[in-house]
Amino acid sequence: MSTPNSSPASQRSSLSTLKGLLPFLRPYRARFFVAGIALVVAACATLAIPAAFKQMIDMGFGGTGDHSIKHVDLTFLALFGVATVLGISTAARFYMVSWLGERVTADIRSKVYSHVVTQSPQFFETTQTGEVLSRLTTDTTLIQTVVGTSISMALRNILLFIGGLVMLFVTSIKLSSIIIVMLALVVLPIVIFGRKVRKLSRDSQDKIADASAIAGEILNAMPTVQAFTHEHIEADRFSGSVENAFQTAMRRIRARSLLTMIAILLVFGSIVFVLWLGAHAVLQGNMSGGELGQFILYASLVAGALGALSEVMGDAQRAAGATERLLDLMAVESPIQNPASPKSLPQNAFKIQTGATLSLNDIGFHYPSRPNTQAISHLSLQVAAGETVAIVGSSGAGKTTLFQLLLRFYDPQQGFIELNGINIRDLTLHDLRDAVGVVPQETIIFSANAMENIRYGRANASDAEVIAAAKMAAAHEFIEKLPEGYQSFLGERGVRLSGGQRQRIAIARALLKNPPLLLLDEATSALDAESERLVQGALEVAMRDRTTLIIAHRLATVQRADRIIVMDQGKIVETGTHNSLVEQGGVYATLAALQFNLHPDSE
Ligand SMILES: Nc1ncnc2c1ncn2[C@@H]1O[C@H](COP(=O)(O)OP(=O)(O)OP(=O)(O)O)[C@@H](O)[C@H]1O
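Residue positions are given per chain, counted from 1 along the sequence in the order it is written. Only residues with pLDDT of at least 70 are given local features in this predicted model, and only at 80 or more are side-chain atom pairs given and counted; all residues enter the totals for whole chains, interfaces and linings. Side-chain metrics rest on all non-hydrogen atoms present in the structure, leaving aside hydrogens and water.

### A closer look at the domain arrangement of the chain
Link 1 in the chain: An automatic or database domain assignment provides the domain bounds reported here. Once the domains are mapped, the chain shows domain 1 (17-172 + 310-331), domain 2 (175-286), domain 3 (350-435 + 516-527 + 546-603) and domain 4 (442-514).
Link 2 in the chain: The straight-line distance from the C-alpha centre of domain 3 to that of domain 4 is 26 Å.
Link 3 in the chain: Between two residues, a contact is recorded if the distance between any of their heavy atoms is within 4.5 Å. Across the contact, 9 residues belong to domain 3 and 7 residues belong to domain 4.
Link 4 in the chain: By buried area we mean how much accessible surface two parts lose on assembly, using a 1.4 Å probe and totalling the loss over both. Between domain 3 and domain 4, a total of about 580 Å² is buried, with carbon and sulfur atoms accounting for 43% of that surface.
Link 5 in the chain: Only one rule defines a salt bridge in this text: a Lys or Arg side-chain nitrogen within 4 Å of an Asp or Glu carboxyl oxygen. For the pair domain 3 and domain 4, the interface holds 0 salt bridges.
Link 6 in the chain: When residues of the side of domain 3 that touches domain 4 are traced back to their parent elements, those giving at least two are α13 (429-434) and β7 (517-521).
Link 7 in the chain: Only Asp, Glu, Lys and Arg are considered charged, only Ala, Val, Leu, Ile, Met, Phe, Trp, Tyr, Cys and Pro nonpolar, and every remaining residue, Gly among them, polar. Residue classes in the side of domain 3 that touches domain 4 are distributed as 4 nonpolar, 1 polar and 4 charged. Numbering of helices and strands starts at the N terminus; helices are DSSP runs of H or I of at least 4 residues and strands are runs of E of at least 2.

So, in structure tokens, the structure goes:
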């Protein structure tokens, strides 16, 4: 649930935050100008209608004979003319202003999204995805209301209010003075009560959002819900939340009914009262019938404008809050930045297909959220081109953290990392990450078909290249057996694939990318002997002719690696081959005894 509104004290400053929208509006100045002209024309036409009515009543109904019929005809014609102008200019204003609202919102959405997707993982640790989504949808919609409706409503009603007021005084100073007092007495309570109703309606929207949040969470976890036979509990929880929304809606509906009654009574009561005064003025000959009619019409225009302005203020305030939050989001700078003058990775270094060299020099790192815990400390490691280094260590030793540093998701506080002799901070993020392939433990499958999922490795790869990569990754066979082969939709988050199949898709992706440095996080969970053999085979193909760091969980991988490094509490504690490390009888020997004995079928 978003908690947008600021305290009354900050509301003044928050209205001025709407200025932050100016850069988004500036490109469309010309359209604003056209909309402004249409708006002024429409307001003038509206203000002309009561005057035309007066003409019609006084000259038409007041006079007699041919002259009066002709006059009535002319007046009606003029009235129709005014209506035509009003119709055209209102439509033009609506079109222009709505276009602006939609356009500006689309621009803001794209800009915010592009900004968010370049943020480092640190940002996503502190900001929830739901919050970003709500800013992209709810907050931008509020801004759309302001740009697409409120600004023009405000301008139109200010014009109508001022014009109507002037015309009221021109018509009758005495009645105008009375009606000003009446308006204040009548409109103020309606406005205040109206605010309350709007707040209630916001509450009821929040309650509905709560209910859908519950539904969203549960629908994503159906297997767990059903396995624990919680269907009824969840259904009841949702019903409770829907019921809550209904009760809140009822409060709003009751308040709204009351408001309608009061508004009608007060507005019509005061109109009747002024009409009564006016009727007396007409009877006494102080005023013509037409003037009275004109007066009443202007009075209702002024009252309507005032009511509309108060609504617009509410919208503007909410949009100001939304703008503030979006601008805050845009102001967040990712701590991981491209260098000012990047160096480029020598392309030919990779053509020989021996992989990249990697050098970690006295790295010290703690996660920004845990300044007192070193995740990596004084770690140095040199990896030769084409070498395969297995990283083993207990859970929490810092293996995954090392990968995050290599990809520059975080920068180490101490030491530096070099890829092919170039400090990775001197490379653009694009060049660095282009040179690195990652096969994570948990494969992310996008809701697309198999072909597109593998193509994620290299967007411009041809179908034939995708299929070749799938073959190398031992994924071709199972993909072919899917109902529509490579065109089969893999389901949201890949729910239609097994763990081993998902991994092979991930390996195919990495092979398609063909990077000189490969980072593999080997998964052990949920693989039967056959899929383990297939995944193992695929990994071996992937490691060929490139430099590989692999977080190893299987004895087979560890044994085949050129070198094993053992990590503990962010440090490298042992280095060597399987046999030498077992002989040493240190950390590795204990780990191996614990971990790898679980795999008697491994070599
Ligand atoms: N985003 C994070 N913010 C703060 N601390 C983190 C973060 N990610 C990991 N850590 C901490 O850093 C330490 C190293 O974690 P890391 O994920 O690198 O371990 P690992 O060796 O890969 O473990 P595993 O084998 O269980 O995946 C752990 O103590 C962990 O709690």
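### So, helix α17 (residues 499-513)
Link 1 in the chain: Given a rise of 1.5 Å per residue, 15 residues ought to cover 21 Å, and the 22 Å separating the end C-alpha atoms of α17 matches this to within 8%.
Link 2 in the chain: Each residue's exposure class comes from its accessible area (1.4 Å probe, protein chains only) as a fraction of the maximum for that residue type: buried when under 20%, exposed when over 50%, partly exposed otherwise. Counting buried residues along α17, 12 of its 15 residues qualify, which places the element largely inside the surrounding structure.
Link 3 in the chain: Once α17 finishes, Asn514 follows within two positions and takes phi at roughly 55°, a positive value. For a helix, the expected span equals 1.5 Å multiplied by the residue count minus one.

### Some points on the site of the ligand
Link 1 in the chain: Close to the ligand lie 13 residues; Glu125, Ser395, Gly396, Thr400 and Thr401 are nearest.
Link 2 in the chain: Note that a nitrogen atom of the ligand is positioned 3.4 Å from one of the side-chain N or O atoms of Tyr367.
Link 3 in the chain: Any N or O atom pair separated by 3.5 Å or less is treated as a polar contact, with the protein-specific requirement of one donor-capable and one acceptor-capable atom, and with residues adjacent in sequence counted only for side-chain atom pairs. At 2.4 Å, a side-chain N or O of Thr401 approaches an oxygen atom of the ligand.
Link 4 in the chain: Under the convention used here, a 1.4 Å probe and the Shrake-Rupley method define accessible areas, while residue burial counts only the protein chains that appear. Against a free-state accessible area of 630 Å², the protein chains account for coverage of 67% of the ligand.
Link 5 in the chain: Here the shell around the ligand gets 3 residues from one element, more than from any other, and that element is helix α12 (residues 399-406).
Link 6 in the chain: Along the lines of polarity and charge, the residues of the shell around the ligand split into 3 nonpolar, 7 polar and 3 charged. For each residue, the test is whether any non-hydrogen atom lies within 4 Å of the molecule or strand; if one does, the residue is near.

### Notes on the UniProt feature "transmembrane region" (unreviewed entry) in the chain
Link 1 in the chain: Feature annotation in UniProt places "transmembrane region" (unreviewed entry) on residues 32-53, 74-96, 159-192 and 258-283, given in this structure's numbering.
Link 2 in the chain: For residues 74-96, the end-to-end C-alpha separation is 33 Å, with 100% helix and 0% strand making up the annotated structure.
Link 3 in the chain: In residues 159-192, helix accounts for 97% and strand for 0%; the two terminal C-alpha atoms are 23 Å from one another. UniProt positions are given in the numbering used here, feature names are shortened, and annotations may be inferred rather than shown by experiment.

### A few points about the pairing of strand β4 (residues 414-419)
Link 1 in the chain: Pairing between two strands requires that DSSP report at least two bridges joining them. As paired elements, strand β1 (residues 358-365) and β4 share 5 bridges and run antiparallel to each other. Note on β4: the bridge partner recorded for Asn361 is Phe416.
Link 2 in the chain: Bridging between β4 and strand β5 (residues 422-423) involves 2 bridges; their strand directions are antiparallel. The partner of Leu419 across the bridge, within β5, is Ile422.
Link 3 in the chain: The turn joining β4 and β5, which pair antiparallel and follow one another in sequence, is formed by 2 residues; a positive phi near 50° is taken by Asn420.

### Thoughts on the pattern of salt bridges
Link 1 in the chain: Here the structure, examined in full by the defined rule, presents 11 salt bridges.
Link 2 in the chain: As a salt-bridge pair, Asp139 and Arg325 come within 2.9 Å of each other at their nearest N and O atoms. With Asp139 in helix α6 (residues 129-171) and Arg325 in helix α10 (residues 289-331), this residue pair connects regions lying 186 residues apart in the sequence. Comparing Asp139 with Arg325, the two get one shared label, buried.
Link 3 in the chain: Look at the salt bridges and you will find they share partners, linking Arg408, Asp411 and Arg425 into a network.

### Concerning the packing of aromatic side chains
Link 1 in the chain: Pairing of aromatic rings covers Phe, Tyr and Trp, the last through its six-membered ring, and needs centres within 6.5 Å; plane angles under 30 degrees mean stacked, over 60 mean edge-to-face, and all others mean tilted. Per the counting criterion, the structure on display carries 7 aromatic pairs.
Link 2 in the chain: Note on Tyr367 and Tyr410: the rings are 5.1 Å apart at their centroids and 85° apart in plane angle, and the pair reads as edge-to-face. Taken together, the residues Tyr367 in the loop between β1 and β2 (376-383) and Tyr410 in the loop between α12 and β4 connect sequence positions 43 residues apart. This pair shows no difference in class: Tyr367 is buried, exactly as Tyr410 is.
Link 3 in the chain: Linked through ring pairs, Phe365, Tyr367 and Tyr410 together constitute an aromatic cluster.
Link 4 in the chain: One residue, Arg31, lies across the ring of Trp99, its end atom 3.6 Å from the ring centre. The rule is short: NZ of Lys or CZ of Arg within 6 Å of the ring centre and within 35 degrees of the ring normal puts a charge over the ring.

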